[in-house]
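Okay, here's what each chain looks like letter by letter:
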Amino acid sequence: MSEAILTVEKINVYYGTSQALFGASLNLYPGETLALLGRNGAGKSTMMKAISGVIATRHGKVTFMKNSILGLPAYKIARTGIGYVPEDRQIFPTLSVQDNLVIAYKKGPNGENAWPIERVYEMLPLLEPLKDRMGGQLSGGEQQMLTVGRALMGNPTVLLLDEPSEGLAPIMVEKIGTLIETLKSLGNTIVLAEQNLHFCLGIADRAVVIDKGTDVFNGSIEALNANDEIKQRYLSV
Ligand SMILES: Nc1ncnc2c1ncn2[C@@H]1O[C@H](COP(=O)(O)OP(=O)(O)O)[C@@H](O)[C@H]1O
Ligand SMILES: [Mg+2]
């Protein structure tokens, strides 16, 4: 296996005095889709926030493309090429779809411009006819597509997707699944936080399972799916 593009080593993360991650680790390899699985409250979003610098990490190491990114402010981490799609979909409700996309534009870490807006619309065809619609008037699924579009506008090297299927109608869940597969087939490297193992089957290559703020499984998605003990102990399946 090639060298990891992103490594998280034994990080501790706190909300005030309340500890949420306890020595949690993961490795991400170029071109793969890694499922970050765990029950509600396990620490998946906290892991995503720690990697993207939205929350401080007290101990451990976070290394991206051989450089430590631990302690950098979120905007600098974004500039290194990590695109973060948060759980709560932070779009601008009073801006149009088009403007939500335009203001998210930035070049990649090496000046890449792989995602001109036309290509983002091609990737997310659902958004094209909604160009002039206000962000706040979109359905949950459309907002999720817009959040992914905003991340792509930033030309990321790695995409962190926090529960993109959560709360969406089955047809939109399917569309999101297809989108992730397409992004992967284009060579993107993705971390997909999910509670739903089923959604990750056929999309993810490997899985890390997190429970009570610690990683408890690390292996192929097939190995996880075959491991009834881990599934019963740590996942809601
Ligand atoms: N803003 C917050 N303030 C205090 N505790 C939080 C906050 N966000 C999450 N937590 C706690 O951190 C732990 C991990 O939460 P989270 O990372 O959101 O889990 P997941 O994304 O796996 O559902 C939980 O115990 C949760 O209650
Ligand atoms: Mg979460």
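The model shown is predicted, which means the values in this text are computed figures rather than measured ones. Counting of residues starts from 1 at the beginning of each chain's written sequence and follows it residue by residue. Whichever chain is written first becomes A and whichever ligand is written first becomes 1, with later ones labelled in order. Residues qualify for local features only when their pLDDT is at least 70, as the model is predicted, and side-chain atom pairs are given and counted only at 80 or more; totals for whole chains, interfaces and linings, by contrast, use all residues. In computing side-chain values, all of the structure's heavy atoms are included and hydrogens and water are not.

Describing the coordination of the magnesium ion (ligand 2)
The cut-off we apply is this: Only nitrogen, oxygen and sulfur atoms qualify as donors, provided they sit within 2.8 Å of the metal or within 3.2 Å for Na, K and Ca; with water excluded from the atoms, sites may seem incomplete. Only DSSP runs of H or I covering at least 4 residues are called helices, and only runs of E covering at least 2 are called strands; the numbering of each starts at the N terminus. Summary of the burial criterion: residues with accessible area below 20% of their type's maximum are buried, those above 50% are exposed, and those between are partly exposed, where the area comes from a 1.4 Å probe applied to protein chains only.
S45 (OG) and E87 (OE) make up the full set of protein donors to the magnesium ion (ligand 2), lying at 2.0 to 2.4 Å. You can see S45 sitting in helix α1 (residues 44–52) and its partner E87 sitting in the loop between β6 (82–85) and α3 (97–102), a full 42 residues away along the chain. Of the residues examined, E87 reaches a relative accessible area of 32% and is grouped as partly exposed.

Looking at the pairing of strand β10 (residues 214–220)
Formally: Two strands qualify as a pair provided that DSSP identifies no fewer than 2 bridges between them.
Pairing analysis gives six bridges linking strand β9 (residues 206–211) to β10, with the strands arranged antiparallel. Each residue of the ladder has a partner; that of V209, found in β10, is F217. Hairpin connection, β9 to β10: the antiparallel pair is bridged by two residues, and K212 has positive phi, about 45°.

Thoughts on a nonpolar patch on the surface
Worth spelling out the cut-off: The patches reported here contain residues having more than 30% relative accessible area and no salt bridge. Joining distances are 9 Å for like charges and 5 Å for nonpolar side chains (Val, Leu, Ile, Met, Phe, Trp, Tyr). Residue burial considers only the protein chains on display, and all accessible areas are found by Shrake-Rupley using a 1.4 Å probe. Any Lys or Arg side-chain nitrogen located within 4 Å of an Asp or Glu carboxyl oxygen qualifies as a salt bridge.
A cluster of nonpolar residues, F92, V102 and I103, forms a patch on the protein surface that exposes about 260 Å² of accessible area. Summarising the element assignment, I103 is placed in the loop between α3 and α4 (117–123).

A word on the pattern of salt bridges
For the structure shown, the criterion picks out seven salt bridges. A salt bridge links R233 to E229, with the nearest nitrogen and oxygen atoms 3.0 Å apart. A residue pair is termed a helical-turn pair when its members lie 3 or 4 positions apart in one helix, as R233 and E229 do in helix α9 (residues 228–234) at four residues.

Details of the packing of aromatic side chains
Let me state the cut-off plainly: Pairing of aromatic rings covers Phe, Tyr and the six-membered ring of Trp, with a centre-to-centre limit of 6.5 Å; geometry is then stacked below 30 degrees between planes, edge-to-face above 60, and tilted otherwise. Think of it as a cone above the ring: NZ of Lys or CZ of Arg counts as a charge over the ring if it is within 6 Å of the ring centre and within 35 degrees of the ring normal.
Counted under the stated rule, the structure contains zero aromatic pairs. Just above the ring of Y14 sits the side chain of R58; from NZ or CZ to the centre is 3.7 Å. The ring of W115 has R119 sitting right over it, with the charged end atom 4.1 Å from the ring centre.

So, the site of ligand 1
Going by this rule: Only heavy atoms are used to decide nearness, and a residue is near a molecule or strand if one of them lies within 4 Å of it. N or O atoms within 3.5 Å of each other form a polar contact, as long as, within protein, one can give a hydrogen and the other can take it, and as long as residues adjacent in sequence are counted only when both atoms are side-chain atoms.
The environment of ligand 1 is formed by Y15, A20, R39, N40, G41, A42, G43, K44, S45 and T46. Note that an oxygen atom of ligand 1 is positioned 3.2 Å from one of the backbone N or O atoms of A42. In the environment of ligand 1, an oxygen atom lies 2.8 Å from a nitrogen or oxygen atom belonging to the side chain of K44. Here ligand 1 has 550 Å² of accessible area as a free molecule, and 60% of this is covered by the chains. The dominant element in the shell around ligand 1, judged by the number of residues it contributes, is α1, at three residues.

Structural notes on unusual backbone geometry
Phi at K10 takes a positive value of approximately 45°, unusual for a residue other than glycine. Residue placement: K10 occurs in strand β1 (residues 6–15). Of note in the backbone geometry, N155 takes a positive phi value of approximately 50° without being a glycine. With respect to the helices, strands and loops of the structure, N155 is situated in the loop between α5 (140–153) and β7 (158–162).

Regarding the layout of surface pockets
Using the following cut-off: A cavity here means a set of 1 Å grid points, computed over protein atoms only, where a 1.4 Å probe fits but cannot escape. A pocket is an open set with protein on both sides within 12 Å along at least 5 of 7 lines, and lining residues have an atom within 4 Å of a point. Grid points are joined across faces, edges and corners, and a volume is the space filled by probe spheres set on the points. Note on residue classes: Ala, Val, Leu, Ile, Met, Phe, Trp, Tyr, Cys and Pro are nonpolar, Asp, Glu, Lys and Arg are charged, and everything else, Gly too, is polar.
Reported here for the largest pocket is a volume of approximately 540 Å³. Around the largest pocket sit 20 residues that line it, and A78, I82, G83, Y84 and R150 are the ones nearest its centre. Its residues assigned to classes, the lining of the largest pocket comprises twelve nonpolar, five polar and three charged.

Section: the pairing of strand β4 (residues 57–64)
As judged from the six bridges shared by β1 and β4, these two strands associate in the antiparallel manner. Its bridge partner lying in β4, V13 is registered against T57. Across two bridges, β4 lies against strand β5 (residues 67–68) in antiparallel orientation. Bridged to F64 within β5 is N67.

Observations concerning the packing of α5 against helix α6 (residues 170–185)
Our working rule: Only C-alpha atoms enter the line fits that serve as axes; for helices the fit covers just the stretch in contact. Angles between N-to-C directions range over 0 to 180 degrees. Our angle categories are set so that under 35 degrees counts as roughly parallel, over 145 as roughly antiparallel, 65 to 115 as roughly perpendicular, and the remainder as oblique. Handedness of a helix crossing follows the sense of rotation of the near helix relative to the far helix, less than a right angle counterclockwise being left-handed and clockwise being right-handed. Only heavy atoms matter for contacts: two residues are in contact if any of them lie within 4.5 Å across the pair.
Viewed as axis vectors pointing N to C, α5 and α6 meet at an angle of 15°, and their least axial separation amounts to 10 Å. When the axis of α5 is compared with that of α6, the two are roughly parallel. Between α5 and α6 lies a crossing of right-handed hand. For the pair α5 and α6, contact is made by G141, E142, Q144, M145, V148 and L152 and by M172, K175, I176, L179 and L183, respectively. Within the contact of α5 with α6, the residues separate by chemical class into seven nonpolar, two polar and two charged.

As for the environment of P125
Mapped onto the elements, P125 comes out in the loop between α4 and α5. A C-alpha to C-alpha distance of 34 Å links P125 and G219, two positions 94 residues apart in sequence.

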